[in-house]
Amino acid sequence: MSKIVPVPDALVQARFDVALSKMMGVSRAKAAVFIETGQASVLGRHVDKAATLQSGDMVELNIIEERAKPEPLSDELTIAYEDEDIVVVNKPVGVAAHASVGWTGPTVLGSLIARGVHITSYGAAGRQGIVSRLDVGTSGLMLVCKSELAYTEMRRQFSEHEVVKTYHALVQGNLEEDKATIEAPIGRDSVSDFRFTVTPFGKPAVTHWDVLERFGKATLVSVNLETGRTHQIRVHFSSIGHPLVGDGMYGANPQLAQELNLQRQFLHAMKLEFRHPRTHVWTTVDSQYTADLASALSIIAMEKQ
């Protein structure tokens, strides 16, 4: 869980590590560690600990807290593909990509390491090997890097949008078109740090979708992302009046989710396509619906008949 903190006027023009130590009440050395490991950063700028803070700067904190108890592990997490460089997992709902502030549940990274899977040390502390993430409430395919070569190359591929990510989503209502593109910038909601919204001050975001099946009160779509903004699919479909079924945070009707026995948003990462970091062979990894999503589709399909 991230926290955004504005730089106080009294600390404008101060070194980042000095300012951070005062803002957090920690030693300067500890503040430097947070900066160097990526747990503290300045939004919109790549800066080191010696950088001078400017008026209007916002500091993003994602401090990894030491757990009072050992991290619980996910028995449901399965491996869809693995070799010496990468591992692609089927992430269940309720599992985070990595440890973060306030999260006490299982993580992909922790569960893999506990199973003896070697993960590269490249990456911020607590996030090593991770080049893309899925929300806790989203299931499906997620890639983690085992080698340094893979981390460098796959981070580049994700950053330059060369990886093809295909999701399936069940959205409320009957979409008018059979296929379309949603292009609208996304940023943090001004009211809550947890939510995101379409805003002219956000980062560019592009979502392509195709209708797979229509059920009248909901539509099953295949979604491809050009960009990878947090909550992108959820925010974009909500912005056009068709929130994901089960996604109460973004305006979904709870009654429909209840009818389909859904406890979370209907969103699953179905397919990953990428160029293998070592062999450069185009690689495709597929997934299947989890039991709750398959059941929901079965229920709504029966109602349609």
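Details of the structure are given in the entry above.
Residues numbered from 1 in each chain as written. Predicted model: local features only at pLDDT ≥ 70, side-chain atom pairs only at ≥ 80, totals over all residues. Heavy atoms only, no water.

Draft legend 1. Just unusual backbone geometry, in detail. The phi torsion at Q13 lies on the positive side, around 80°, for a residue other than glycine. Within the secondary structure, Q13 is located in the loop between β1 (3-6) and α1 (16-24). For Q13, a relative accessible area of 59% gives the class exposed. Backbone geometry places H280, a non-glycine residue, at a positive phi of 65°. Looking at the element boundaries, H280 is found in the loop between β13 (267-275) and β14 (282-286). Given a relative accessible area of 49%, H280 falls into the partly exposed group. (Helix = DSSP H or I, 4+ residues; strand = E, 2+ residues; numbered from the N terminus. Buried < 20%, exposed > 50% of the residue type's maximum accessible area, 1.4 Å probe, protein only.)

Draft legend 2. Representation of the side chain of S74 within the structure. Relative to the helices and strands, S74 is located in the loop between β3 (58-61) and β4 (78-82). The class for S74 is buried, based on a relative accessible area of 8%. Reaching out from S74, the side chain makes a polar contact with the backbone nitrogen of E76 at a distance of 3.5 Å. There is a polar contact of 3.2 Å between the side chain of S74 and the backbone nitrogen of L77. (Polar contact = N/O pair within 3.5 Å; in protein donor to acceptor, adjacent residues only side chain to side chain.)

Draft legend 3. Structural view of the pairing of strand β7 (residues 164-172). When you tally the buried positions in β7, you get 8 out of 9 residues, the bulk of the element. In the sheet, β7 pairs with β13 via 6 bridges, with the strands oriented antiparallel. Paired with V164 across the two strands is E273, which belongs to β13. (Pairing = 2+ DSSP bridges.)

Draft legend 4. Structural view of the packing of α1 against helix α2 (residues 28-36). α2 packs onto α1 with a crossing angle of 110° between their chain directions and a minimal axis gap of 8 Å. Here α1 lies roughly perpendicular to α2, going by the angle between them. The residues of α2 that touch α1, namely those facing F16, D17, V18, L20, S21 and M24, are R28, A31, A32, F34 and I35. The residue makeup of the contact of α1 with α2, split by class, is 8 nonpolar, 1 polar and 2 charged. (Axes fitted to C-alpha atoms, helices over the stretch in contact; angles between N-to-C directions. Parallel < 35°, antiparallel > 145°, perpendicular 65-115°, else oblique. Contact = heavy atoms within 4.5 Å. Nonpolar A, V, L, I, M, F, W, Y, C, P; charged D, E, K, R; others polar.)

Draft legend 5. Geometry of the environment of F274. Looking at the secondary structure, you find F274 in strand β13. Excluding anything up to four places from it in sequence, F274 contacts I86, L143, M154, Q157, V163, V281, W282, T283 and V285.

Draft legend 6. View of helix α5 (residues 232-239). Most of α5 sits inside the fold, with 6 of its 8 residues counted as buried. Among the residues of α5, Q232, I233, R234, V235, H236 and F237 are the ones counted as buried. Directly beyond the C-terminal end of α5, a positive phi value near 85° is found at G241.

Draft legend 7. Main features of the side chain of T219. For T219, the location among the structural elements is in strand β12 (residues 218-225). Side-chain polar atoms of T219 contact the backbone oxygen of G173, separated by 2.7 Å. In this structure, T219 is in contact with A169, L170, V171, G173, N174, L175, V211, E213 and R214, ignoring residues within four places of it in sequence.

Draft legend 8. Fine view of the sheet that holds β3. Judged by pairing direction, the sheet is antiparallel, and its 3 strands sit side by side in the order β1-β3-β2 without closing on themselves. The strands lining the two open edges of the sheet, one partner per strand, are β1 and β2 (40-42). For this sheet, the mean angle separating the axes of adjacent strands, direction not counted, is 25°. As defined by bridge partners, β2 adjoins β3 across 3 bridges and the pair is classed as antiparallel. Each residue of the ladder has a partner; that of S41, found in β3, is E60. On top of the sheet, α1 reaches β1, β2 and β3; it is set at about 65° to β3, its chief contact.

Draft legend 9. Quick peek at the nonpolar core. Judged by nonpolar contacts, the single largest core of 28 residues is most densely connected at L112, V223 and F237. Broken down by secondary-structure element, the contributors of at least two residues to this core are β5 (86-91), α3 (108-114), β6 (139-145), β7, β12, α5 and β13. If we ignore the near neighbours within four places in the chain, the residues touching V223 are K165, T166, Y167, A169, T207, H208, W209, I233 and F237. Counting 15 residues, the second largest nonpolar core, distinct from the first, contains A14, F34, A40 and V42. (Core = buried A, V, L, I, M, F, W, Y, C linked by side-chain atoms within 4.5 Å.)

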